[in-house]
Amino acid sequence: MIPPAKPHIGEAEIEAAVAVLRSGRVVQGPEVAAFEEEFTEVSGTAECVAVNSGTSALQLALMAMGVGPGDEVIVPSFSFAASANAVRLVGAEPVFADIEPDSYCIDPDAVTALIGPRTVAIMPVHLYGHPADMARLTALAQRHSLAILEDACQAHGAQVDGKPVGSFGVAGTFSFYPTKNMHALEGGMVSTDDPKLARTLRLLRNQGMEQRYANEIVGANMRMTDVAAAIGRVQLRQLAGWTEQRRDNAARLDAGIAQVDGVVAPPVPAGARHIYHQYTVRIPSGRDAALEQLNAAGIGSAVYYPIPIHKLIPYAHMGVDLPETDRAAAEVLSLPVHPSLSDGDLDRIIAAVRALELPQ
């Protein structure tokens, strides 16, 4: 079986983790500080603040921005539940927008129609590693005096016209979960150019204190460990090479399945740098049959996400109608694209897609 994802844990990661354990400096120490500084090269921002997960990054960013009860944040429903959960966790309400059919990212036109008197922010999700339309979203946010919080948890190194995602809004968030393009076993990062926001984030992640026992605000314990940061630093040094391998693998898949009837490869517009956290095709007819056939052929394909957030139990009562989101949930299928794939693996994936028997 060719797995849909293959987290890398090499000797360098193991040695880095052991070195931290031997040092005794295991929480919020020098490795975390170094990881934060080094990750600014990816985020393109002046500041990065490390936390214990991508979900925590979203929640703390919203808290630091002052989002809370009575506020609304416009989010896509076609994402992992954490995007909306973070909004609810700070006491605000997510307002679900539909997506663009090609990028699977939030549709600026849909956002425009949802802006109301309680709207304070827009949360674009750079889904699958494809950047959202930040030019239009930024103009829209400026016109209506709204903040942008970027969910870049799947998009380490994605860009729009050379500008990294995570640097367009008030803040950006990244995840270091094991299946992401780089990981720290678990962890997250908030990127920002605002030093006051960065300081507030550092207080919030550490019980509201900068100096021990001198609590300035009400905070939480969402710190990153130095073990996680040390692993993240090793992974970060490999990220550029892994990204280019993913992009090369995606190009091979594009060419190999270009003429397959009933399978639509992911389009990428000019100016967008897709980093292929997932290589997601659209199969308008027979997606579930395709999934079964690929898995039977040893190709570990998967569906992200079969149930849109607005149809999950905590949100289903809202009665939202999102036709493009529902269509994507019924048609998308992600193929392996990770950098561990061999040429033979790619040939097998392409052959299996070409052999699919889909209803006409």
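Calculation notes
Residues numbered from 1 in each chain as written. Predicted model: local features only at pLDDT ≥ 70, side-chain atom pairs only at ≥ 80, totals over all residues. Heavy atoms only, no water. Helix = DSSP H or I, 4+ residues; strand = E, 2+ residues; numbered from the N terminus. Contact = heavy atoms within 4.5 Å. Axes fitted to C-alpha atoms, helices over the stretch in contact; angles between N-to-C directions. Parallel < 35°, antiparallel > 145°, perpendicular 65-115°, else oblique. Left-handed = near helix turned anticlockwise from the far one by under 90°. Salt bridge = Lys/Arg side-chain N within 4 Å of Asp/Glu carboxyl O. Buried < 20%, exposed > 50% of the residue type's maximum accessible area, 1.4 Å probe, protein only. Patch = residues over 30% accessible without salt bridge, like charges linked within 9 Å, V, L, I, M, F, W, Y side chains within 5 Å. Areas by Shrake-Rupley, 256 points an atom, 1.4 Å probe, with all protein chains shown as cover. Phe/Tyr/Trp six-rings, centres within 6.5 Å; stacked < 30°, edge-to-face > 60°. Lys NZ or Arg CZ within 6 Å of the ring centre and 35° of its normal. Pairing = 2+ DSSP bridges.

J.: Report on the side chain of Arg282, specifying residues and quantitative values.
T.: Residue position: Arg282 is located in strand E11 (residues 279-282). Those residues in contact with Arg282 that lie beyond four places of it in its chain are Pro101, Tyr104, Gly262, Val263, Val264, Arg327, Ala328 and Glu331.

J.: How would you explain the packing of helix H1 (residues 11-23) against helix H8 (residues 226-257) if you had to name every residue and give the values?
T.: If you want to describe how two helices pack, look at the angle between their axes and the distance between the axes. Two elements in contact, H1 and H8, have axes whose closest approach is 7 Å; the angle formed by their N-to-C orientations is 155 degrees. Judged by the angle between their axes, H1 and H8 are roughly antiparallel. Judged by the sense of rotation from one axis to the other, the crossing of H1 with H8 is right-handed. On H8, the residues that touch Ala12, Glu13, Ala16, Ala17, Val20 and Leu21 of H1 are Asp226, Val227, Ala230, Ile231, Val234, Gln235, Gln238 and Trp242.

J.: Describe the pattern of salt bridges, listing the residues and the values that go with them.
T.: Any two side chains of opposite charge can pair, so long as their charged atoms come close to each other. The final tally for this structure, using the stated rule, is 19 salt bridges. Across the pair Glu31 and Arg233 runs a salt bridge whose closest N-O atoms are separated by 3.0 Å. Of the two residues, Glu31 sits in helix H2 (residues 30-43) while Arg233 sits in helix H8, which places them 202 residues apart along the sequence. Arg247 is paired through a salt bridge with Glu244; the nearest N and O atoms lie 3.9 Å apart. Taken together, the residues Arg247 and Glu244, both in helix H8 and 3 residues apart, mark about one turn of the helix. For Glu244, a relative accessible area of 36% translates into the label partly exposed. One connected set of salt bridges, linked through shared partners, spans Glu36, Glu47, Arg202 and Arg205.

J.: Please give an account of a nonpolar patch on the surface that cites residues and values.
T.: The grouping of Ile9, Ile14, Val18 and Leu185 at the surface amounts to a nonpolar patch, some 320 Å² of accessible area in total. Tracing the backbone through its elements, the reader meets Ile14 in helix H1.

J.: Residues and numbers for the packing of aromatic side chains, please.
T.: On inspection of all chains with the given rule, the structure shows 11 aromatic pairs. Judged by centre distance (6.2 Å) and plane angle (75 degrees), the ring pair of Phe35 and Phe39 falls under edge-to-face. Taken together, the positions of Phe35 and Phe39, both in helix H2 and 4 residues apart, correspond to about one turn of that helix. According to the relative accessible area criterion, Phe35 is buried, its value standing at 0%. Since its relative accessible area comes to 0%, Phe39 is described here as buried. Seen in terms of ring centroids, Phe39 and Phe176 are 5.4 Å apart; in terms of plane orientation they differ by 85 degrees. Their pairing is edge-to-face. In this pair, Phe39 is assigned in helix H2 and Phe176 in the loop between strand E8 (171-175) and strand E9 (188-192), connecting sequence segments 137 residues apart. Judged by relative accessible area, which is 0%, Phe176 ranks as buried. One aromatic cluster is present, built from ring pairs that chain together Phe35, Phe39, Phe174 and Phe176. For Lys163, the ring lying beneath its charged end belongs to Phe168, and the centroid distance is 5.2 Å.

J.: How would you summarise the sheet that holds strand E1 (residues 47-51) if you had to cite specific residues and measurements?
T.: Read from one edge to the other, the open sheet built from 7 strands follows the order E1-E9-E8-E5-E4-E2-E3, with strand pairing classed as mixed. The open sheet has two edge strands, E1 and strand E3 (93-97), and neither has a second partner. Between one strand and the next, the sheet's axes are offset by a mean angle of 25 degrees, whatever the strand orientation. Across 3 bridges, the pairing between strand E5 (residues 147-151) and E8 is parallel. Its bridge partner being in E8, Asp151 is matched across the sheet by Thr173. Here helix H3 (residues 54-64) sits on the sheet in contact with E1, strand E2 (72-76), E5, E8 and E9, set at roughly 165 degrees to E8.

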